[in-house]
Amino acid sequence: MQGKVYLVGAGPGDIGLLTIKAKELLQTADVIVYDALVGDSILATIDSNKRCINVGKRAAHHIMQQEDTNKLLLDEALKGNKVVRLKGGDPFLFGRGGEELELLVKHKIDFEVVPGVTSAISGPAYNGIPVTHRDYCSSIHIITGHKKQDEPLDMNFEALVKLNGTLIFLMGISSLEQITTGLIKAGMDKDMPAAVLQQATTSHQKKVVATISTLREAVVNQAIRTPAIIVVGKVCKLSNDLDWYSKLPLFGYKVAVSTSTSNVSKTATKLRKLGAEVIELPSITTTIIEQNRAFTDALRLKMDWIAFTSPQGVESFFYNLEKHQKDIRTFKYVKFAVVGPSTKAALAKRGIIADLMPDIYDGASLAKALKEQNNILLFRATKADNEIVDMLSHTTVYDIPMYDTHFTSFPIIVDDIDCIVFTSASSVEGFVNNTKWGTYSEYKCACIGEKTKECADKYGFKTYVAKEATIDELVQLVIDIKERTDETS
(Lines give C-alpha, C1' and ligand atoms only; values in the text may rest on other atoms or scores of the structure.)
Protein backbone atom coordinates (compact mmCIF):
# COMPACT_ATOMS: atom_id res chain seq x y z
CA MET A 1 0.00 0.00 0.00
CA GLN A 2 1.44 3.37 -1.03
CA GLY A 3 2.26 6.01 1.52
CA LYS A 4 1.75 9.74 1.36
CA VAL A 5 4.03 12.79 1.31
CA TYR A 6 3.33 16.01 3.22
CA LEU A 7 5.25 19.04 1.99
CA VAL A 8 5.43 21.10 5.19
CA GLY A 9 6.70 24.61 5.87
CA ALA A 10 8.58 24.88 9.16
CA GLY A 11 8.62 28.68 9.28
CA PRO A 12 11.67 30.89 9.88
CA GLY A 13 13.05 29.14 12.98
CA ASP A 14 10.99 30.17 16.00
CA ILE A 15 8.99 27.10 17.07
CA GLY A 16 6.12 29.42 18.02
CA LEU A 17 5.61 30.12 14.32
CA LEU A 18 5.21 26.44 13.44
CA THR A 19 1.62 25.79 12.39
CA ILE A 20 -0.66 23.49 14.38
CA LYS A 21 -1.04 21.17 11.39
CA ALA A 22 2.72 20.96 10.90
CA LYS A 23 3.17 20.01 14.56
CA GLU A 24 0.55 17.29 14.31
CA LEU A 25 2.17 15.81 11.21
CA LEU A 26 5.61 15.73 12.86
CA GLN A 27 4.10 13.71 15.70
CA THR A 28 2.54 11.10 13.39
CA ALA A 29 5.07 10.84 10.55
CA ASP A 30 7.04 7.66 9.83
CA VAL A 31 9.89 9.51 8.12
CA ILE A 32 10.93 13.17 8.34
CA VAL A 33 13.11 14.60 5.58
CA TYR A 34 14.35 18.02 6.71
CA ASP A 35 16.35 21.00 5.49
CA ALA A 36 19.26 22.91 7.01
CA LEU A 37 17.08 25.97 7.70
CA VAL A 38 14.65 24.15 9.99
CA GLY A 39 15.04 25.60 13.50
CA ASP A 40 16.83 23.63 16.22
CA SER A 41 13.92 24.24 18.59
CA ILE A 42 11.63 22.44 16.12
CA LEU A 43 13.99 19.53 15.47
CA ALA A 44 14.41 19.03 19.23
CA THR A 45 10.69 18.28 19.65
CA ILE A 46 10.74 15.38 17.20
CA ASP A 47 10.52 11.97 18.84
CA SER A 48 14.03 10.51 18.94
CA ASN A 49 12.65 7.16 17.76
CA LYS A 50 11.49 8.63 14.44
CA ARG A 51 13.63 8.24 11.34
CA CYS A 52 14.94 11.67 10.35
CA ILE A 53 16.96 12.34 7.20
CA ASN A 54 18.95 15.55 6.78
CA VAL A 55 19.05 16.71 3.15
CA GLY A 56 20.03 20.28 3.95
CA LYS A 57 21.74 22.66 1.57
CA ARG A 58 23.85 25.62 2.56
CA ALA A 59 25.53 27.75 -0.13
CA ALA A 60 27.79 25.42 -2.12
CA HIS A 61 27.53 22.56 0.40
CA HIS A 62 24.79 20.05 -0.39
CA ILE A 63 24.31 16.99 1.79
CA MET A 64 22.07 15.59 -0.92
CA GLN A 65 21.46 16.83 -4.46
CA GLN A 66 17.93 18.00 -5.27
CA GLU A 67 17.29 15.14 -7.71
CA ASP A 68 18.26 12.62 -5.03
CA THR A 69 15.94 14.29 -2.52
CA ASN A 70 13.07 14.05 -4.99
CA LYS A 71 13.74 10.35 -5.47
CA LEU A 72 14.06 9.79 -1.72
CA LEU A 73 10.53 11.10 -1.15
CA LEU A 74 9.22 8.83 -3.88
CA ASP A 75 11.02 5.75 -2.56
CA GLU A 76 9.81 6.27 1.01
CA ALA A 77 6.21 6.76 -0.14
CA LEU A 78 6.39 3.60 -2.25
CA LYS A 79 7.39 1.72 0.91
CA GLY A 80 4.07 2.77 2.43
CA ASN A 81 5.47 5.44 4.75
CA LYS A 82 3.88 8.67 5.90
CA VAL A 83 6.59 11.13 4.86
CA VAL A 84 6.95 14.70 6.09
CA ARG A 85 9.17 16.82 3.87
CA LEU A 86 10.05 19.61 6.29
CA LYS A 87 11.33 22.80 4.68
CA GLY A 88 12.36 26.12 6.20
CA GLY A 89 9.91 28.99 5.64
CA ASP A 90 7.21 28.21 3.11
CA PRO A 91 7.77 25.27 0.72
CA PHE A 92 6.34 27.08 -2.33
CA LEU A 93 8.34 30.29 -1.90
CA PHE A 94 11.77 29.65 -3.46
CA GLY A 95 11.73 26.30 -1.67
CA ARG A 96 11.71 24.12 -4.79
CA GLY A 97 8.61 22.46 -3.41
CA GLY A 98 6.99 22.31 -6.82
CA GLU A 99 9.94 20.35 -8.21
CA GLU A 100 9.70 17.80 -5.43
CA LEU A 101 6.01 17.21 -6.07
CA GLU A 102 6.33 16.76 -9.84
CA LEU A 103 8.00 13.38 -9.47
CA LEU A 104 5.28 12.29 -7.03
CA VAL A 105 2.56 13.33 -9.49
CA LYS A 106 4.26 11.33 -12.23
CA HIS A 107 4.09 8.20 -10.07
CA LYS A 108 0.59 8.96 -8.73
CA ILE A 109 1.69 9.37 -5.11
CA ASP A 110 -0.75 11.18 -2.81
CA PHE A 111 0.52 14.39 -1.25
CA GLU A 112 -0.55 17.48 0.66
CA VAL A 113 1.02 20.92 1.01
CA VAL A 114 1.11 22.61 4.41
CA PRO A 115 2.14 26.27 4.02
CA GLY A 116 4.61 27.82 6.43
CA VAL A 117 5.39 31.32 7.69
CA THR A 118 7.92 32.85 5.30
CA SER A 119 10.95 34.80 6.48
CA ALA A 120 10.05 37.46 3.90
CA ILE A 121 7.23 38.57 6.22
CA SER A 122 8.28 37.29 9.66
CA GLY A 123 11.89 38.49 9.39
CA PRO A 124 10.97 42.15 8.99
CA ALA A 125 8.19 41.80 11.58
CA TYR A 126 10.66 40.52 14.21
CA ASN A 127 12.90 43.51 13.39
CA GLY A 128 10.24 46.21 13.63
CA ILE A 129 9.75 46.61 9.87
CA PRO A 130 6.17 46.50 8.54
CA VAL A 131 6.47 45.38 4.92
CA THR A 132 3.55 47.66 4.00
CA HIS A 133 2.49 50.98 5.49
CA ARG A 134 -0.13 53.35 4.07
CA ASP A 135 2.22 56.33 4.45
CA TYR A 136 5.08 54.69 2.55
CA CYS A 137 3.99 51.89 0.21
CA SER A 138 1.09 49.65 -0.69
CA SER A 139 2.87 46.65 -2.17
CA ILE A 140 5.66 44.19 -1.46
CA HIS A 141 7.74 42.26 -3.95
CA ILE A 142 9.70 39.14 -3.04
CA ILE A 143 12.66 38.40 -5.28
CA THR A 144 15.26 35.65 -5.21
CA GLY A 145 18.77 37.05 -5.03
CA HIS A 146 20.29 33.65 -5.72
CA LYS A 147 22.41 33.21 -8.80
CA LYS A 148 24.49 30.40 -10.20
CA GLN A 149 28.20 30.54 -9.57
CA ASP A 150 30.19 32.63 -12.08
CA GLU A 151 27.00 33.84 -13.78
CA PRO A 152 25.64 37.43 -13.80
CA LEU A 153 22.59 38.36 -11.75
CA ASP A 154 19.53 38.15 -14.01
CA MET A 155 17.26 40.88 -12.61
CA ASN A 156 15.21 43.68 -14.16
CA PHE A 157 16.24 46.51 -11.84
CA GLU A 158 14.39 49.18 -13.86
CA ALA A 159 11.11 47.35 -13.34
CA LEU A 160 11.76 46.87 -9.63
CA VAL A 161 12.46 50.57 -9.10
CA LYS A 162 9.26 51.57 -10.92
CA LEU A 163 7.16 49.35 -8.64
CA ASN A 164 7.72 51.84 -5.82
CA GLY A 165 7.04 49.15 -3.20
CA THR A 166 9.00 47.29 -0.54
CA LEU A 167 11.56 44.99 -2.14
CA ILE A 168 12.52 41.82 -0.26
CA PHE A 169 15.42 39.75 -1.56
CA LEU A 170 15.83 36.19 -0.28
CA MET A 171 19.13 34.31 -0.63
CA GLY A 172 20.80 37.48 -1.87
CA ILE A 173 23.68 38.21 0.51
CA SER A 174 26.33 36.94 -1.90
CA SER A 175 24.80 39.24 -4.55
CA LEU A 176 24.30 42.24 -2.25
CA GLU A 177 26.73 44.54 -4.03
CA GLN A 178 25.23 43.75 -7.43
CA ILE A 179 21.71 44.32 -6.09
CA THR A 180 22.40 47.69 -4.49
CA THR A 181 24.46 48.92 -7.44
CA GLY A 182 21.83 47.72 -9.90
CA LEU A 183 19.01 49.52 -8.08
CA ILE A 184 20.94 52.81 -7.93
CA LYS A 185 21.88 52.62 -11.63
CA ALA A 186 18.21 51.99 -12.42
CA GLY A 187 17.23 55.27 -10.77
CA MET A 188 16.63 54.47 -7.12
CA ASP A 189 17.53 57.26 -4.68
CA LYS A 190 20.90 56.34 -3.13
CA ASP A 191 19.50 57.44 0.26
CA MET A 192 16.62 54.95 0.10
CA PRO A 193 16.44 53.13 3.50
CA ALA A 194 17.51 49.49 3.37
CA ALA A 195 18.23 46.69 5.81
CA VAL A 196 19.83 43.28 6.05
CA LEU A 197 18.25 40.92 8.59
CA GLN A 198 20.26 37.95 9.80
CA GLN A 199 18.64 34.72 11.08
CA ALA A 200 15.44 36.42 12.16
CA THR A 201 13.32 34.89 14.97
CA THR A 202 16.34 33.02 16.42
CA SER A 203 18.96 33.79 19.06
CA HIS A 204 21.32 34.85 16.24
CA GLN A 205 18.98 37.56 14.97
CA LYS A 206 20.91 40.66 13.96
CA LYS A 207 20.10 43.63 11.76
CA VAL A 208 21.83 46.37 9.85
CA VAL A 209 19.78 49.40 8.79
CA ALA A 210 21.42 51.85 6.41
CA THR A 211 20.77 53.30 2.96
CA ILE A 212 20.95 51.49 -0.34
CA SER A 213 24.34 53.13 -1.03
CA THR A 214 25.90 52.32 2.37
CA LEU A 215 24.33 48.94 3.07
CA ARG A 216 27.15 46.81 1.69
CA GLU A 217 29.78 48.51 3.85
CA ALA A 218 27.57 48.29 6.94
CA VAL A 219 27.02 44.56 6.41
CA VAL A 220 30.77 43.94 6.18
CA ASN A 221 31.45 46.04 9.30
CA GLN A 222 28.81 44.17 11.31
CA ALA A 223 30.01 40.74 10.11
CA ILE A 224 26.51 39.70 9.01
CA ARG A 225 26.27 36.04 8.08
CA THR A 226 23.76 33.92 6.20
CA PRO A 227 20.95 33.10 6.15
CA ALA A 228 19.82 36.70 5.87
CA ILE A 229 17.33 38.72 3.86
CA ILE A 230 17.59 42.14 2.23
CA VAL A 231 14.79 44.68 2.63
CA VAL A 232 14.71 47.85 0.53
CA GLY A 233 12.09 50.55 1.09
CA LYS A 234 11.02 53.52 3.18
CA VAL A 235 9.46 51.20 5.77
CA CYS A 236 12.98 50.30 6.96
CA LYS A 237 13.29 53.63 8.75
CA LEU A 238 10.56 52.48 11.16
CA SER A 239 12.76 49.67 12.44
CA ASN A 240 14.07 51.36 15.58
CA ASP A 241 10.69 52.72 16.69
CA LEU A 242 8.76 49.50 16.07
CA ASP A 243 11.41 47.04 17.20
CA TRP A 244 9.95 44.83 19.94
CA TYR A 245 11.79 41.52 19.84
CA SER A 246 15.26 42.82 20.71
CA LYS A 247 13.83 44.58 23.78
CA LEU A 248 12.85 41.31 25.47
CA PRO A 249 15.18 40.44 28.38
CA LEU A 250 16.37 37.13 26.90
CA PHE A 251 16.70 38.27 23.29
CA GLY A 252 19.74 36.74 21.62
CA TYR A 253 20.03 33.99 24.24
CA LYS A 254 19.89 30.30 23.34
CA VAL A 255 18.82 28.11 26.24
CA ALA A 256 18.69 24.33 26.46
CA VAL A 257 16.15 22.97 28.95
CA SER A 258 17.04 19.51 30.22
CA THR A 259 14.34 18.02 32.42
CA SER A 260 11.67 15.35 32.50
CA THR A 261 9.27 15.02 29.58
CA SER A 262 6.40 16.27 31.77
CA ASN A 263 8.11 19.48 32.95
CA VAL A 264 9.96 20.78 29.92
CA SER A 265 7.16 22.65 28.16
CA LYS A 266 6.19 24.85 31.13
CA THR A 267 9.77 26.02 31.63
CA ALA A 268 10.35 26.49 27.91
CA THR A 269 7.17 28.52 27.48
CA LYS A 270 8.17 31.00 30.18
CA LEU A 271 11.65 31.42 28.69
CA ARG A 272 10.30 31.94 25.16
CA LYS A 273 7.95 34.67 26.33
CA LEU A 274 11.04 36.53 27.49
CA GLY A 275 12.70 36.25 24.07
CA ALA A 276 14.96 33.22 24.46
CA GLU A 277 15.44 30.65 21.75
CA VAL A 278 14.71 27.46 23.67
CA ILE A 279 15.84 23.96 22.79
CA GLU A 280 13.73 21.44 24.69
CA LEU A 281 15.80 18.40 25.67
CA PRO A 282 13.69 16.01 27.76
CA SER A 283 16.55 13.89 29.10
CA ILE A 284 14.49 11.70 31.41
CA THR A 285 11.09 10.10 31.15
CA THR A 286 8.97 8.36 33.75
CA THR A 287 6.88 5.19 33.65
CA ILE A 288 4.36 4.23 36.28
CA ILE A 289 4.99 0.90 38.01
CA GLU A 290 2.06 -1.24 36.89
CA GLN A 291 2.27 -4.31 39.16
CA ASN A 292 2.91 -2.39 42.36
CA ARG A 293 2.72 -4.73 45.35
CA ALA A 294 4.03 -2.03 47.69
CA PHE A 295 1.12 0.24 46.79
CA THR A 296 -1.37 -2.60 47.26
CA ASP A 297 0.01 -3.21 50.75
CA ALA A 298 -0.14 0.52 51.53
CA LEU A 299 -3.91 0.51 50.93
CA ARG A 300 -4.33 -1.61 54.08
CA LEU A 301 -2.32 0.69 56.32
CA LYS A 302 -3.75 3.31 58.68
CA MET A 303 -1.45 6.27 58.24
CA ASP A 304 -1.36 9.89 59.35
CA TRP A 305 0.51 11.50 56.44
CA ILE A 306 1.03 11.03 52.71
CA ALA A 307 4.07 12.81 51.29
CA PHE A 308 4.94 13.53 47.65
CA THR A 309 8.31 14.69 46.32
CA SER A 310 7.24 15.33 42.70
CA PRO A 311 4.21 15.86 40.46
CA GLN A 312 4.96 12.46 38.90
CA GLY A 313 4.47 10.88 42.33
CA VAL A 314 1.04 12.51 42.59
CA GLU A 315 -0.01 11.29 39.14
CA SER A 316 1.28 7.77 39.81
CA PHE A 317 -0.57 7.67 43.13
CA PHE A 318 -3.94 8.53 41.62
CA TYR A 319 -3.34 6.24 38.65
CA ASN A 320 -2.86 3.31 41.03
CA LEU A 321 -5.90 4.30 43.08
CA GLU A 322 -8.05 4.17 39.98
CA LYS A 323 -6.48 0.89 38.89
CA HIS A 324 -7.51 -0.64 42.24
CA GLN A 325 -10.98 0.87 41.84
CA LYS A 326 -10.41 3.07 44.85
CA ASP A 327 -10.58 6.81 45.48
CA ILE A 328 -9.12 9.20 48.03
CA ARG A 329 -11.69 8.14 50.64
CA THR A 330 -9.53 5.03 51.12
CA PHE A 331 -7.14 7.21 53.12
CA LYS A 332 -9.51 8.70 55.70
CA TYR A 333 -8.27 11.53 57.91
CA VAL A 334 -4.86 11.54 56.24
CA LYS A 335 -2.93 14.80 55.81
CA PHE A 336 -0.85 15.61 52.73
CA ALA A 337 2.68 17.00 52.49
CA VAL A 338 4.39 18.16 49.30
CA VAL A 339 7.94 19.19 48.49
CA GLY A 340 7.12 22.38 46.53
CA PRO A 341 4.68 24.45 44.45
CA SER A 342 4.64 22.20 41.34
CA THR A 343 3.76 19.16 43.43
CA LYS A 344 1.24 21.22 45.38
CA ALA A 345 -0.41 22.29 42.11
CA ALA A 346 -0.56 18.69 40.86
CA LEU A 347 -2.30 17.67 44.07
CA ALA A 348 -4.70 20.63 43.87
CA LYS A 349 -5.77 19.50 40.38
CA ARG A 350 -7.03 16.36 42.08
CA GLY A 351 -9.11 18.42 44.50
CA ILE A 352 -6.79 18.16 47.49
CA ILE A 353 -5.13 21.09 49.25
CA ALA A 354 -1.73 20.24 50.75
CA ASP A 355 -1.51 20.54 54.52
CA LEU A 356 2.25 21.05 54.58
CA MET A 357 4.89 22.48 52.27
CA PRO A 358 8.36 23.51 53.48
CA ASP A 359 9.69 27.03 52.99
CA ILE A 360 12.66 25.63 51.08
CA TYR A 361 11.56 23.29 48.32
CA ASP A 362 13.80 20.24 48.62
CA GLY A 363 13.72 16.79 50.17
CA ALA A 364 15.76 17.69 53.24
CA SER A 365 13.44 20.57 54.10
CA LEU A 366 10.40 18.35 53.63
CA ALA A 367 11.89 15.83 56.05
CA LYS A 368 12.57 18.59 58.61
CA ALA A 369 8.97 19.79 58.33
CA LEU A 370 7.74 16.23 59.02
CA LYS A 371 10.16 15.47 61.86
CA GLU A 372 7.46 15.73 64.56
CA GLN A 373 5.01 13.54 62.61
CA ASN A 374 4.53 9.78 62.53
CA ASN A 375 3.10 7.11 60.22
CA ILE A 376 4.13 8.58 56.88
CA LEU A 377 3.57 7.11 53.42
CA LEU A 378 6.20 8.47 51.03
CA PHE A 379 5.30 8.10 47.34
CA ARG A 380 8.20 8.76 44.94
CA ALA A 381 10.55 7.37 42.29
CA THR A 382 12.20 3.95 42.51
CA LYS A 383 15.69 5.44 42.22
CA ALA A 384 15.50 8.26 44.74
CA ASP A 385 17.86 9.84 47.23
CA ASN A 386 17.65 8.19 50.66
CA GLU A 387 18.13 11.49 52.47
CA ILE A 388 14.45 11.91 53.38
CA VAL A 389 14.12 8.37 54.75
CA ASP A 390 17.37 8.66 56.69
CA MET A 391 16.29 11.97 58.26
CA LEU A 392 12.96 10.42 59.30
CA SER A 393 14.50 7.23 60.69
CA HIS A 394 13.10 8.02 64.15
CA THR A 395 9.52 7.61 62.94
CA THR A 396 7.48 5.12 60.92
CA VAL A 397 7.96 5.75 57.20
CA TYR A 398 6.89 3.55 54.34
CA ASP A 399 8.86 4.40 51.20
CA ILE A 400 6.64 3.38 48.27
CA PRO A 401 8.23 3.35 44.79
CA MET A 402 5.61 4.62 42.32
CA TYR A 403 7.44 5.22 39.06
CA ASP A 404 10.70 4.49 37.30
CA THR A 405 12.92 7.06 35.60
CA HIS A 406 14.77 6.43 32.34
CA PHE A 407 17.23 8.40 30.28
CA THR A 408 15.99 9.42 26.84
CA SER A 409 18.07 10.32 23.80
CA PHE A 410 18.14 13.72 22.11
CA PRO A 411 16.90 13.89 18.50
CA ILE A 412 19.51 16.54 17.55
CA ILE A 413 23.12 17.39 18.25
CA VAL A 414 23.27 20.10 20.91
CA ASP A 415 25.64 22.97 20.21
CA ASP A 416 25.88 26.75 20.33
CA ILE A 417 24.14 26.93 23.73
CA ASP A 418 24.42 29.98 26.01
CA CYS A 419 22.87 28.40 29.08
CA ILE A 420 21.52 25.00 30.15
CA VAL A 421 18.60 24.71 32.57
CA PHE A 422 18.47 21.72 34.92
CA THR A 423 15.39 20.98 37.05
CA SER A 424 16.75 17.97 38.93
CA ALA A 425 19.92 16.00 39.52
CA SER A 426 18.57 13.26 37.25
CA SER A 427 18.17 15.78 34.41
CA VAL A 428 21.88 16.58 34.76
CA GLU A 429 22.72 12.89 34.56
CA GLY A 430 20.42 12.50 31.57
CA PHE A 431 22.06 15.39 29.73
CA VAL A 432 25.56 14.05 30.36
CA ASN A 433 24.47 10.54 29.38
CA ASN A 434 23.26 11.93 26.03
CA THR A 435 26.11 14.26 25.19
CA LYS A 436 29.18 12.46 26.59
CA TRP A 437 31.32 15.52 25.85
CA GLY A 438 33.90 14.68 28.49
CA THR A 439 34.27 18.25 29.68
CA TYR A 440 31.55 20.77 30.52
CA SER A 441 33.58 23.59 32.02
CA GLU A 442 32.60 26.04 29.27
CA TYR A 443 28.86 25.67 29.85
CA LYS A 444 26.82 27.84 32.20
CA CYS A 445 23.89 26.11 33.83
CA ALA A 446 20.94 27.26 35.92
CA CYS A 447 20.02 24.74 38.62
CA ILE A 448 16.70 24.62 40.41
CA GLY A 449 18.16 23.58 43.77
CA GLU A 450 21.27 22.66 45.74
CA LYS A 451 21.08 18.92 44.95
CA THR A 452 20.90 19.71 41.26
CA LYS A 453 23.85 22.08 41.61
CA GLU A 454 25.91 19.46 43.44
CA CYS A 455 25.34 17.01 40.59
CA ALA A 456 26.24 19.61 37.94
CA ASP A 457 29.35 20.62 39.91
CA LYS A 458 30.47 17.01 39.74
CA TYR A 459 30.73 17.28 35.96
CA GLY A 460 32.43 20.67 35.97
CA PHE A 461 29.60 22.93 34.76
CA LYS A 462 29.67 26.64 35.65
CA THR A 463 26.77 26.41 38.06
CA TYR A 464 24.23 28.90 39.40
CA VAL A 465 21.34 28.03 41.71
CA ALA A 466 17.88 29.56 41.94
CA LYS A 467 16.89 31.44 45.12
CA GLU A 468 13.90 29.14 45.47
CA ALA A 469 13.20 25.79 43.83
CA THR A 470 10.43 27.10 41.55
CA ILE A 471 10.16 27.49 37.79
CA ASP A 472 9.69 31.26 38.13
CA GLU A 473 12.89 31.64 40.17
CA LEU A 474 14.71 29.38 37.75
CA VAL A 475 13.67 31.59 34.85
CA GLN A 476 14.76 34.68 36.78
CA LEU A 477 18.13 33.01 37.33
CA VAL A 478 18.56 32.61 33.57
CA ILE A 479 17.91 36.34 33.16
CA ASP A 480 20.49 37.09 35.87
CA ILE A 481 23.08 34.85 34.19
CA LYS A 482 22.57 36.62 30.87
CA GLU A 483 22.87 40.05 32.48
CA ARG A 484 26.13 39.05 34.17
CA THR A 485 27.47 37.73 30.89
CA ASP A 486 26.48 40.91 29.04
CA GLU A 487 28.22 43.06 31.66
CA THR A 488 31.51 41.19 31.35
CA SER A 489 31.53 40.89 27.54
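Scroll up a little and you will see the structure.
In this text the structure is predicted, and so the values were computed from the model without any measurement. (Residues numbered from 1 in each chain as written. Predicted model: local features only at pLDDT ≥ 70, side-chain atom pairs only at ≥ 80, totals over all residues. Heavy atoms only, no water.)

Draft legend 1. View of the sheet that holds strand β3 (residues 51–54). Taking strand neighbours across the sheet as the criterion, the 5 strands line up as β3-β2-β6-β1-β7 in an open arrangement whose pairing is parallel. Looking at which strands have only one partner, the edges of the open sheet turn out to be β3 and β7 (110–114). Strand-to-strand twist in this sheet, taken as the mean axis angle between neighbours without regard to direction, amounts to 20°. Judged from the 6 bridges that link them, strand β1 (residues 4–9) and strand β6 (residues 82–87) form a sheet pairing that is parallel. Its bridge partner being in β6, Leu7 is matched across the sheet by Arg85. Here helix α1 (residues 20–28) sits on the sheet in contact with β1, β2 (31–34), β6 and β7, set at roughly 135° to β6. (Pairing = 2+ DSSP bridges. Helix = DSSP H or I, 4+ residues; strand = E, 2+ residues; numbered from the N terminus. Axes fitted to C-alpha atoms, helices over the stretch in contact; angles between N-to-C directions. Contact = heavy atoms within 4.5 Å.)

Draft legend 2. Spatial organisation of the environment of Thr201. Relative to the elements of secondary structure, Thr201 occurs in the loop between β10 (193–198) and β11 (206–211). C-alpha of Thr201 to C-alpha of Leu17: the two residues are 184 residues apart in sequence and 9.1 Å apart in space. At 3.1 Å, the side chain of Thr201 and the backbone nitrogen of Asp14 are in polar contact. (Polar contact = N/O pair within 3.5 Å; in protein donor to acceptor, adjacent residues only side chain to side chain.)

Draft legend 3. Region of interest: the packing of helix α3 (residues 66–78) against helix α4 (residues 97–106). For the pair α3 and α4, the least separation of the axes is 9 Å and the interaxial angle reads 45°. In terms of their interaxial angle, α3 and α4 are classed as oblique. Seen along the crossing, α3 lies across α4 with a hand that is right-handed. Contact with α3, carried on its side by Gln66, Thr69, Asn70, Lys71, Leu73 and Leu74, involves Glu99, Glu100, Leu103 and Leu104 of α4 and no other residues of that element. (Parallel < 35°, antiparallel > 145°, perpendicular 65-115°, else oblique. Left-handed = near helix turned anticlockwise from the far one by under 90°.)

Draft legend 4. Expanded view of the pattern of salt bridges. In the structure shown here, the tally under the stated rule is 25 salt bridges. The partner of Lys451 in a salt bridge is Glu387, and the shortest N-O contact between them spans 3.5 Å. A residue pair is termed long-range when its members are at least 10 positions apart, and Lys451 in helix α17 (residues 450–458) and Glu387 in helix α15 (residues 387–391) qualify at 64 residues. We classify Lys451 as partly exposed; its relative accessible area is 38%. Each member of the salt-bridge network shares a partner with another, and the members are Asp35, Arg85, Lys87 and Glu100. (Salt bridge = Lys/Arg side-chain N within 4 Å of Asp/Glu carboxyl O. Buried < 20%, exposed > 50% of the residue type's maximum accessible area, 1.4 Å probe, protein only.)

Draft legend 5. A look at unusual backbone geometry. Note that the residue after Thr226, namely Pro227, is joined by a cis bond; omega there is 0°. Tracing the backbone shows Pro227 in the loop between α8 (215–221) and β12 (228–232). Even without being a glycine, Gln199 presents a positive backbone phi close to 40°. Backbone geometry at Tyr333 places phi at a positive 65°, although glycine is not the residue there. Position of Tyr333 among the secondary structure elements: in the loop between α12 (311–323) and β16 (335–338). According to the relative accessible area criterion, Tyr333 is exposed, its value standing at 80%.

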